[in-house]
Amino acid sequence: MIFETHAHYDDEAFDPDREELLSVMSESGIGTIVNVGASLKSTESSIKLADKHTFLYAAAGVHPSETAELNEENFKWLEAWCQNKKVVAVGEIGLDYYWDTPEHEIQKFWFRRQLELARKIDKPVIIHSRDAAKDTFDILAENNADEIGGVIHCFSYGADLAMRYVDMGLYIGVGGVVTFKNGRKMKEVVEAVPIEKILLETDSPYLAPEPNRGKRNSSLNIPFIAQKIAEIKGLTYDEVVRITEENAKRMYKIQ
Ligand code: NI
């Protein structure tokens, strides 16, 4: 079954029908979902959702754009939440230079701290990186990310950099962008990266694939992404679903 490695069902976009939507996942072929934290509040909500649904897991972490909220005191809460059995990763963490705030130094400081946390608790990281290719790569290399493990989620750079991350032992998260008409760069990434290093993801409620581009996204759209990957790689749809599920279970250490 499909393994959805990155969604945000705690988002208010799902307030009207969250439980109804989650209740049809299994019958729609979605076997497992990781709900990813992006702030202290959404980490807490992700864990609550994971406690309620056996097929749903959580990631605990603070997105670079939210790092101004962190301090030594509340960082301890994050550490404590990471001990929860349903928490399978630290994320999403990283660098986002698209926006001017928080300052780059603040983002880098908490990126490093959350990488250390992942190492300490022996869980993989989910990396968010936007307009920050060099600093993200350098910090992951300095911190021996090959020993921590993880995924560059919603990968947005070129095929060469994707392969450098694969060499580092990391996975490449592929979402709706690969289906876009202007998604040529992403198609080159999928061509280059071995299928054993690709994970399926949506980043719901954002980034819906074609033919639903612009609408609210949900994991029910993953078949459009898997189908596009199958076409690019010359594999069957079922092979893409099976191999990416094995990849995700290996990375998140889920039996
Ligand atoms: Ni996300």
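So, a few notes on the structure that sits alongside this text. (Residues numbered from 1 in each chain as written. Predicted model: local features only at pLDDT ≥ 70, side-chain atom pairs only at ≥ 80, totals over all residues. Heavy atoms only, no water.)

1. Description of the nonpolar core
- Counting 70 residues, the largest nonpolar core has Leu140, Phe155, Tyr165 and Ile172 as the members making the most contacts within it.
- Sorting elements by how many residues they give to this core places helix H4 (residues 104-121) first, with 6 residues.
- Those residues in contact with Leu140, other than ones at most four positions away along the chain, are Phe111, Leu115, Ile127, Ala145, Ile152, Tyr165, Met168 and Leu170.
- Counting residues in each nonpolar core, the second largest holds 15 residues, with Val34, Ala59, Ile126 and Ile254 among its members. (Core = buried A, V, L, I, M, F, W, Y, C linked by side-chain atoms within 4.5 Å. Buried < 20%, exposed > 50% of the residue type's maximum accessible area, 1.4 Å probe, protein only. Helix = DSSP H or I, 4+ residues; strand = E, 2+ residues; numbered from the N terminus. Contact = heavy atoms within 4.5 Å.)

2. Some thoughts on the pairing of strand E1 (residues 2-7)
- Along E1, 6 of the 6 residues are buried, which leaves the element largely enclosed by surrounding structure.
- Note: E1 against strand E2 (residues 30-36), 4 bridges, orientation parallel. Paired with Glu4 across the bridge in E2 is Ile33.
- Note that the unit made of E1, helix H1 (residues 18-23) and E2 has a crossover that is right-handed. (Pairing = 2+ DSSP bridges. Right-handed = clockwise from strand over helix to strand, strands pointing away.)

3. Remarks on helix H10 (residues 237-252)
- The end-to-end C-alpha distance of H10 is 23 Å, a good match for the 22 Å that 16 residues give at a rise of 1.5 Å each.
- At the exit of H10 stands Lys253, carrying a positive phi of roughly 55°. (Expected span 1.5 Å × (residues − 1).)

4. Topic: the packing of H4 against helix H5 (residues 133-142)
- The N-to-C vectors of H4 and H5 enclose an angle of 35°; their axes lie 11 Å apart at closest approach. As H4 runs across H5, the sense of the crossing is right-handed. Counted together, Lys108, Phe111, Arg112 and Leu115 of H4 and Asp135, Thr136, Ile139, Leu140 and Glu142 of H5 form the full contact between these two elements.
- Residue classes in the contact of H4 with H5 are distributed as 4 nonpolar, 1 polar and 4 charged. (Axes fitted to C-alpha atoms, helices over the stretch in contact; angles between N-to-C directions. Left-handed = near helix turned anticlockwise from the far one by under 90°. Nonpolar A, V, L, I, M, F, W, Y, C, P; charged D, E, K, R; others polar.)

5. Points about the pattern of salt bridges
- Counting across every chain of the model gives 15 salt bridges.
- Where Asp15 meets Arg18, a salt bridge forms, and the shortest distance between an N and an O atom there is 2.6 Å.
- Given a relative accessible area of 51%, Asp15 falls into the exposed group.
- What makes Arg18 buried here is its relative accessible area of 16%.
- Salt-bridge contacts for Asp122 lead to Lys253; the nearest nitrogen and oxygen are separated by 3.3 Å. Within this pair, whereas Asp122 is found in the loop between H4 and strand E5 (125-130), its partner Lys253 is found in the segment after H10, the two being separated by 131 residues in sequence. (Salt bridge = Lys/Arg side-chain N within 4 Å of Asp/Glu carboxyl O.)

6. A few points about the packing of aromatic side chains
- Per the counting criterion, the structure on display carries 9 aromatic pairs.
- Between Phe3 and Tyr252, the aromatic rings sit 5.8 Å apart at their centres with planes inclined by 15°, giving stacked as the arrangement. Note that Phe3 is positioned in strand E1 and Tyr252 in helix H10, a separation of 249 residues in sequence. Tyr252 shares its class with Phe3; the two are buried.
- Aromatic side chains Phe155 and Tyr165 sit 6.4 Å apart centroid to centroid with 80° between the ring planes, which places their arrangement in the edge-to-face category. Highlighted residues: Phe155 in the loop between strand E6 (150-152) and helix H7 (159-167) and Tyr165 in helix H7, separated in sequence by 10 residues. Here Phe155 matches Tyr165 in class, with each residue buried.
- By the ring-pair criterion, three or more aromatic residues cluster together here, those being Phe137, Phe155, Tyr157 and Tyr165.
- Here the guanidinium or amino end of Lys197 rests over the ring plane of Tyr171, the centre of that ring lying 4.0 Å away. (Phe/Tyr/Trp six-rings, centres within 6.5 Å; stacked < 30°, edge-to-face > 60°. Lys NZ or Arg CZ within 6 Å of the ring centre and 35° of its normal.)

7. Examining the sheet that holds E6
- Here we have 8 strands laid out as an open sheet, ordered E1-E2-E3-E4-E5-E6-E7-E8, and parallel in their pairing. Every other strand in the sheet has two partners, leaving E1 and strand E8 (198-200) as the edge strands with one partner each. Ignoring strand direction, the axes of neighbouring strands in this sheet form an average angle of 30°.
- Two strands pair when backbone bridges link them, and E5 and E6 are joined in this way by 3 bridges, in the parallel orientation. Bridging across to E6, Ile127 finds its partner in Ile152.
- Across the sheet, H4 touches strand E4 (87-96) and E5, and the angle it forms with E4 is around 160°.

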